[in-house]
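# Examination of the molecular architecture
The residues making up each chain are set out below.
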Amino acid sequence: MGTKSIRHIVEQVLKTYLSTETGLTGVSIYTGDSADTMTLPKLVILCESARTPSDLPEGLGNYSCSVRMTLFSNTDDTTLTDHRARCAGLAGAMSVDSLTAIKAAFTASGDATCYDVTVQNEDEGVDERSWATVFSYDVLVVLPA
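This section reports on the structure supplied with the text. (Residues numbered from 1 in each chain as written. Predicted model: local features only at pLDDT ≥ 70, side-chain atom pairs only at ≥ 80, totals over all residues. Heavy atoms only, no water.)

With that out of the way, let us pick up the nonpolar core. Core analysis: the biggest nonpolar cluster contains 33 residues, and L18, L43, M69, M94 and F106 have the highest contact counts within it. Elements represented by at least two residues in this core include exactly α1 (6-18), β2 (42-51), β3 (62-74), α2 (80-93), α3 (99-109), β4 (113-127) and β5 (130-142). For this core, the element with the highest residue contribution is α1, accounting for 7 residues. (Core = buried A, V, L, I, M, F, W, Y, C linked by side-chain atoms within 4.5 Å. Buried < 20%, exposed > 50% of the residue type's maximum accessible area, 1.4 Å probe, protein only. Helix = DSSP H or I, 4+ residues; strand = E, 2+ residues; numbered from the N terminus.)

The next thing to look at is the packing of aromatic side chains. Enumeration over the complete set of coordinates arrives at 0 aromatic pairs. The lysine or arginine in question, K42, covers the ring of F72, its NZ or CZ lying 4.8 Å from the ring centre. (Phe/Tyr/Trp six-rings, centres within 6.5 Å; stacked < 30°, edge-to-face > 60°. Lys NZ or Arg CZ within 6 Å of the ring centre and 35° of its normal.)

Turning our eyes to something else, we now look at the side chain of D138. Residue placement: D138 occurs in strand β5. A distance of 3.4 Å separates the side chain of D138 from the side chain of S66, its partner in a polar contact. A polar atom in the side chain of D138 sits 3.3 Å from the side chain of Q120. For D138, the residues in contact, after removing those within four places along its chain, are R51, S64, C65, S66, D116, V117, T118 and Q120. (Polar contact = N/O pair within 3.5 Å; in protein donor to acceptor, adjacent residues only side chain to side chain. Contact = heavy atoms within 4.5 Å.)

Turning our eyes to something else, we now look at the pattern of salt bridges. For the structure shown, the criterion picks out 4 salt bridges. Put simply, R51 and D138 hold a salt bridge, and the shortest N to O gap is 3.8 Å. Of the two residues, R51 sits in strand β2 while D138 sits in strand β5, which places them 87 residues apart along the sequence. (Salt bridge = Lys/Arg side-chain N within 4 Å of Asp/Glu carboxyl O.)

Taking 1.5 Å per residue as the helical rise, α1 with its 13 residues ought to reach 18 Å, and the 18 Å between its terminal C-alpha atoms agrees with that figure. Inspection of α1 places I6, I9, V10, E11, V13, L14, Y17 and L18 among the buried residues, and these make up the whole buried set. Check the buried side of α1 and you find it contacts β1 (28-31), β2, β3, α2, α3 and β5. (Expected span 1.5 Å × (residues − 1).)

Attention shifts here to α3. Burial in α3 covers these residues: L99, I102, A105 and F106. For α3, the buried positions fall inside an angular range of 120 degrees around the axis, keeping them on one side. Exposed residues on α3 whose side chains face more than 90 degrees from its buried face are T100, T107 and A108. Phi for G110, located one or two positions after α3, is positive at around 75 degrees. (Arc of directions from axis to C-beta.)

Attention now moves to the environment of C87. Looking at the element boundaries, C87 is found in helix α2. Residue class for C87 comes out buried when judged on its relative accessible area of 4%. Expressed as a C-alpha distance, the spacing of C87 and T25, which sit 62 residues apart in the sequence, is 12 Å. Setting aside chain neighbours within four positions, we find C87 in contact with L71, T133 and F135.

Following this line, the structure appears as structure tokens:
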């Protein structure tokens with residue numbers, strides 16, 4: 001197995017993959033540990049946990065990763081309709097219809113293989129002066145042997 005953190009691998013691959021999505025044009029994308037100055041609109045990708053799937057043996061490099069993506073838009077210069085259009089772009093990019101492209105992004109990274117992405121939930125709210133929508137996914141990956 002590699003020496004990189006599976007959580008960092010998942011965050012970085014998804015950041016690279018989503019940066020090419022036209023539905024997210026103009027959105028700055030950051031990983032959970034980014035030290036960059038964040039500007040709106042933004043998408044923050046955080047792999048909250050990585051655990052061995054319950055139906056697979058431990059020690060083989062298989063991980064079920066809980067990934068939270070939070071999309072923020074400024075309420076002062078973005079309507080809720082525009083924010084929801086960005087949300088639709090993100091949801092489409094992470095849907096079952098995009099699984100082949102997501103898998104290809106992981107293959108291109110050379111750090112892990114993705115087997116599946118499962119949508120968990122989508123929650124919308126307002127965070128001070130921004131729209132904030134949280135998307136949660138389970139990403140099933142394996143590190144190379």
